[in-house]
Amino acid sequence: MGMDSSHSRREDAAAAAAWVTVEEWGGSSASALSRTAVLTASSSSLTSRRFGNRWGRVSGRLLGAFVPEGFPGSVTLDYVTFQMWDTLQGLSTYIRAMLSTQALLGAIGVGEKSATVIGATFQWFLRDLTGMLGGILFTFYQGSNLDSNAKMWRLVADFMNDLGMLMDLLSPLFPSSLIVIMCLGSLSRSFTGVASGATRAALTQHFALANNAADISAKEGSQETLATMLGMGLGMLLAHATRGHALGVWVSFLFLTIFHMYANYKAVQSLSLTTLNYERSSILLQYFMEDGEILTPQQVSKQEHILPFWSSWRKLLRIELPHERVHLGAKASMLTHSDMSQIAKARSYYQNADYFLLDKEGSVHVFIHKQAVATDVLKSFIHGLVLAHFVQNNKSSHAEARQWIDEKYNTFISKVKHYLSQ
């Protein structure tokens, strides 16, 4: 009987070992997983149990077509706010596009017996040609400045798009100047295409916390496609409702344009970029010189000037921000005899540096050595900001600035590195 009992226990153990349990877990990120299924198998059967409802699984897959993998942990905190406002501004753009396109097609003679195919084709060709040339010229003059001032150029891009649509809407009112108006509208939109594409690339890199810029870009394309389809549908309904009512068209266009500009401003305002440009470097340095600490990206964002016309207003009022008094990468060919004399007097302060600074008429000109590397360029700009600060306060500028760089620059840079890693 003892042998039978031992044999029975061995059979039970073998039977238990034959059972295998596998659990399935799913989620948007490793920190947000939930159990979705449990499968249990034996030598003769398989049982499965699913958790969660079918609608939840379907909605999760649909959401995956519009948000990056690992969302929200794979993107920055400002991603959701920016995308929400960006989608709303895009929606208003596509609605207005139906109104402006309808007006433009009517202006070139679509639906009229007197219009010729070759005439409309030629007008459209001039329109596209102007836009292509405008895009090339805009890239030539501002291409290197777009990513460093992504927030401002994002606003400029959408403002130029609004201006282009306005030109299209005005085209039927001035038939004698149709080609000129069409070309101006196309020129405005060409600026939009270049600036919007370049700044979008810079913002995508900012959002990507998990080296997932390609995924974010693809999902942004899905979001834009959805907004485009919805906007086109609503735009067709609006165009049909306002057909033959010029006042209704203009009121609708004006209202949507105001909303578009507001949504764009809110979208750009929500961004807290962790890269350095002239103004952000100046803001960080100014606060550090006063309190010895570094602001957070959110605090810096609140102090940035992102409106493109703010610069023109400051020039009219003769107001200069600290970074506007520093001219990085000045040309040696601009130097005069008096400038060379001043450099000779101050050269002892830059003997071990791959740059030198010239204080001239309240501005600081930074001359970079041909062997300077990126760290030297950054240091030269910070040195220029410090020098401009002491010049403004009527202190012994070069000596004071050199002493500050020797004593506090390394501390400042270490704190800036923490800022860039946030």
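Residues numbered from 1 in each chain as written. Predicted model: local features only at pLDDT ≥ 70, side-chain atom pairs only at ≥ 80, totals over all residues. Heavy atoms only, no water.

Chemist: How should unusual backbone geometry be read in this particular structure?
Modeler: For residues that are not glycine, phi is negative in most cases, and the peptide bond is trans in most cases. The omega angle of the peptide bond from Phe71 to Pro72 is 5 degrees, so this bond is cis rather than trans. Phi is positive for Asn211, which is not a glycine, with a value near 55 degrees. With relative accessibility at 81%, the residue Asn211 sits in the exposed group. The phi angle at Glu361 is positive, at roughly 55 degrees, despite the residue not being glycine. Residue position: Glu361 is located in the loop between strand E5 (355-360) and strand E6 (363-368). Glu361 sits in the exposed class, given a relative accessible area of 78%. (Buried < 20%, exposed > 50% of the residue type's maximum accessible area, 1.4 Å probe, protein only. Helix = DSSP H or I, 4+ residues; strand = E, 2+ residues; numbered from the N terminus.)

Chemist: Which parts of the structure should I look at to understand the pattern of salt bridges?
Modeler: One side chain can pair with another of opposite charge once the charged atoms of both are near each other. For the coordinates displayed, the defined rule picks out twelve salt bridges. Between Asp162 and Arg96 there is a salt bridge, with the nearest N and O atoms lying 2.9 Å from each other. Linking Asp162 in helix H5 (residues 150-170) with Arg96 in helix H3 (residues 79-107), this pair joins segments that are 66 residues apart in sequence. A salt bridge links Arg127 to Asp128; the nearest nitrogen and oxygen atoms lie 3.5 Å apart. Owing to a relative accessible area of 31%, Asp128 belongs among the partly exposed residues under this scheme. Connected via shared salt-bridge partners are Asp86, Arg154, Arg200 and Glu220. (Salt bridge = Lys/Arg side-chain N within 4 Å of Asp/Glu carboxyl O.)

Chemist: Can you help me understand the packing of aromatic side chains in this one?
Modeler: Each pair of aromatic rings is reported with the distance of its centres and the angle of its planes. This model, assessed by the stated rule, comprises 13 aromatic pairs. Measuring from ring centre to ring centre gives 5.1 Å for Tyr278 and Phe381, while their planes differ by 45 degrees; the resulting arrangement is tilted. Of this pair, Tyr278 sits in helix H9 (residues 278-291) while Phe381 is found in helix H13 (residues 374-392), placing the two residues 103 residues apart along the sequence. According to the relative accessible area criterion, Tyr278 is partly exposed, its value standing at 44%. Phe381 gets classed as buried once you look at its relative accessible area, which sits at 4%. Each residue in the set Phe71, Tyr79, Phe82 and Phe207 is aromatic and connected to the rest through ring pairs, giving one cluster. Lying across the ring of Phe253, Arg96 places its NZ or CZ 5.7 Å from the centre. (Phe/Tyr/Trp six-rings, centres within 6.5 Å; stacked < 30°, edge-to-face > 60°. Lys NZ or Arg CZ within 6 Å of the ring centre and 35° of its normal.)

Chemist: Just to check I follow, could you spell out the side chain of Asp359 for this structure?
Modeler: Examined against the element boundaries, Asp359 turns out to sit in strand E5. Within the buried set, Asp359 has no salt-bridge partner at all; the shortest N-O distance to an opposite charge, 8.8 Å, is to Arg325. Other than its neighbours up to four places away in sequence, Asp359 contacts Gln342, Val391, Ser397 and His398. (Lys, Arg positive; Asp, Glu negative; His and termini not counted. Contact = heavy atoms within 4.5 Å.)

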